Amino acid sequence: MPLWAPERVLYDAHVWNSLPALVEDLMQRDLATFVIIESLPRRVPHLFGGISFIRPEYIAQSRAGPTTLKNCVLRAALEKHNPFLSPREVGEANARGELHLMLLFGNFDAIDLAKIDQASFLRTSIEGFRFFVFGYSLCAIWDEIASPHHVAELQQQGMLFDRQLPLAGGSTATLLRLTRDEALANPYAHFCTFFCPPKPRFAFSLGEQRLLEYALLDTPDDESAEKLHLSRDAIKKRWRSIYTKIDAADKNLPSDTASGTARRRGVLHYLRKHLEELRPFRESWRAIPGHSDRADQI
């Protein structure tokens, strides 16, 4: 809870007190991704942040109402409404380029880059954000915060002012946004680089994507098996399926003639530069008569 403290003013009391259990539920149902940034070797926590994909009607509802976007969305989740997209829905919206990404928590104190530990923390935050966000075909990014220094920091990275909302105690909530059209008009800003990635080539399943994500985070297969509730043989079978799909689409990547270690290293090296392969992507609308290949037009 102390890591979330800078955002407490954004939530009503019921939502705030329900956050720990709600976050656990969102993770269990794959409706949001959360990460903790710690400093080693003592594992001191510095930041707790997350991302989610939300239905646009909740954005419109919040912008027209008296509450913050994050409070509106999380209250709806607590009331058993459905503001977050499921993995299947994320895949379909991703193929259409219609994803609305909402940032959850992630505020931190002002950074002094002259201090090595703070500079390292900022670099890790930026690298981590790219790992979990790049590769989605976004329509817009949304964040709402109360810290003035964080507002300035996000604006420097390309986010744009949307509205301000007075809060109890005299503070102000600032809603920031960045749409695809706005990003294309300012391609050199950090946040603008997350829009319009290439389409995936290998059509990995959600299970295969999860295994590859763990592998990219240096998770051993035994630990991945435990996290995915699979046997070691099932993990091996999943790797074979991954290699089969890669071989069918790209003969230039390491083939089955390479050693197992070399092959995996080559595949992971490629995926670090092509994170779109780890994102749900379902072009189900292609089968509907009269629909054109909208993803190719983005």
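Right, let's walk through the structure included here. (Residues numbered from 1 in each chain as written. Predicted model: local features only at pLDDT ≥ 70, side-chain atom pairs only at ≥ 80, totals over all residues. Heavy atoms only, no water.)

## As for the side chain of Asn71
Mapped onto the elements, Asn71 comes out in helix H3 (residues 69-78). The exposure class assigned to Asn71 is buried, which follows from its relative accessible area of 1%. Within the structure, the side chain of Asn71 is placed 2.9 Å from the backbone nitrogen of Asp12, a separation counted as a polar contact. (Helix = DSSP H or I, 4+ residues; strand = E, 2+ residues; numbered from the N terminus. Buried < 20%, exposed > 50% of the residue type's maximum accessible area, 1.4 Å probe, protein only. Polar contact = N/O pair within 3.5 Å; in protein donor to acceptor, adjacent residues only side chain to side chain.)

## Quick look at the packing of aromatic side chains
In the structure shown here, the tally under the stated rule is 16 aromatic pairs. The interplanar angle of 70 degrees and the centroid separation of 5.3 Å between the aromatic rings of Phe129 and Phe191 together place this pair among those described as edge-to-face. In this pair, Phe129 sits in helix H5 (residues 116-133) while Phe191 sits in the loop between helix H7 (180-184) and helix H8 (206-216), placing the two residues 62 residues apart along the sequence. The same class applies to Phe129 and to Phe191, which are both buried. Ring centres of Phe131 and Phe132 lie 5.1 Å apart, and the angle between their planes is 85 degrees; this geometry places the pair in the edge-to-face category. The exposure class of Phe132 is buried, given its relative accessible area of 17%. Grouping aromatic residues by their ring pairs yields a cluster made of Trp4, Tyr11, Trp16, Phe34, Phe48 and Phe105. The aromatic ring of Phe134 is capped on one face by Arg130, whose charged end is 4.9 Å from the ring centroid. (Phe/Tyr/Trp six-rings, centres within 6.5 Å; stacked < 30°, edge-to-face > 60°. Lys NZ or Arg CZ within 6 Å of the ring centre and 35° of its normal.)

## Quick notes on the packing of H8 against helix H11 (residues 260-273)
Between two packed helices, the angle of one axis relative to the other and the distance separating the axes together describe the packing. Orientation of H8 relative to H11, taken along the N-to-C sense of each, is 95 degrees, at an axis distance of 10 Å. In terms of axis orientation, H8 runs roughly perpendicular to H11. Residue-level contacts link Leu212, Ala215 and Leu216 of H8 to Leu268, Leu271 and Arg272 of H11. A class-by-class count of the residues in the contact of H8 with H11 yields five nonpolar, no polar and one charged. (Axes fitted to C-alpha atoms, helices over the stretch in contact; angles between N-to-C directions. Parallel < 35°, antiparallel > 145°, perpendicular 65-115°, else oblique. Contact = heavy atoms within 4.5 Å. Nonpolar A, V, L, I, M, F, W, Y, C, P; charged D, E, K, R; others polar.)

## Some words on the pattern of salt bridges
Per the stated rule, a full pass over the model turns up 21 salt bridges. The salt bridge involving Arg75 is made with Asp12; its shortest N-O contact spans 2.9 Å. On the criterion of sequence distance, the pair formed by Arg75 in helix H3 and Asp12 in the segment before helix H1 (13-28) is long-range, its members being 63 residues apart. What makes Arg75 partly exposed here is its relative accessible area of 31%. With relative accessibility at 26%, the residue Asp12 sits in the partly exposed group. Here Asp247 and Arg263 are joined by a salt bridge, their closest N and O atoms 2.5 Å apart. Placement of the pair is Asp247 in helix H10 (residues 232-249) and Arg263 in helix H11, with a sequence separation of 16 residues. One network of salt bridges, with partners in common, ties together Arg63, Asp162, Arg177 and Glu182. (Salt bridge = Lys/Arg side-chain N within 4 Å of Asp/Glu carboxyl O.)

## Notes on unusual backbone geometry
In the segment running from Leu40 into Pro41, the intervening peptide bond is cis, with an omega of 5 degrees. Mapping Pro41 onto the fold places it in the loop between strand E1 (32-39) and strand E2 (44-53). Even without being a glycine, Lys80 presents a positive backbone phi close to 65 degrees. Checked against the element boundaries, Lys80 lands in the loop between H3 and helix H4 (87-96).

## Thoughts on the pairing of strand E3 (residues 99-105)
Within E3, seven of the seven residues are buried, leaving the element largely enclosed by the surrounding structure. When E2 meets E3, the two strands line up antiparallel, connected through five bridges. When the bridges of E3 are listed, Ser52 appears paired with Met102. Where E3 meets strand E4 (residues 138-145), four bridges bridge the pair, whose relative direction is parallel. By the bridge assignment for E4, Met102 is matched with Trp142. (Pairing = 2+ DSSP bridges.)

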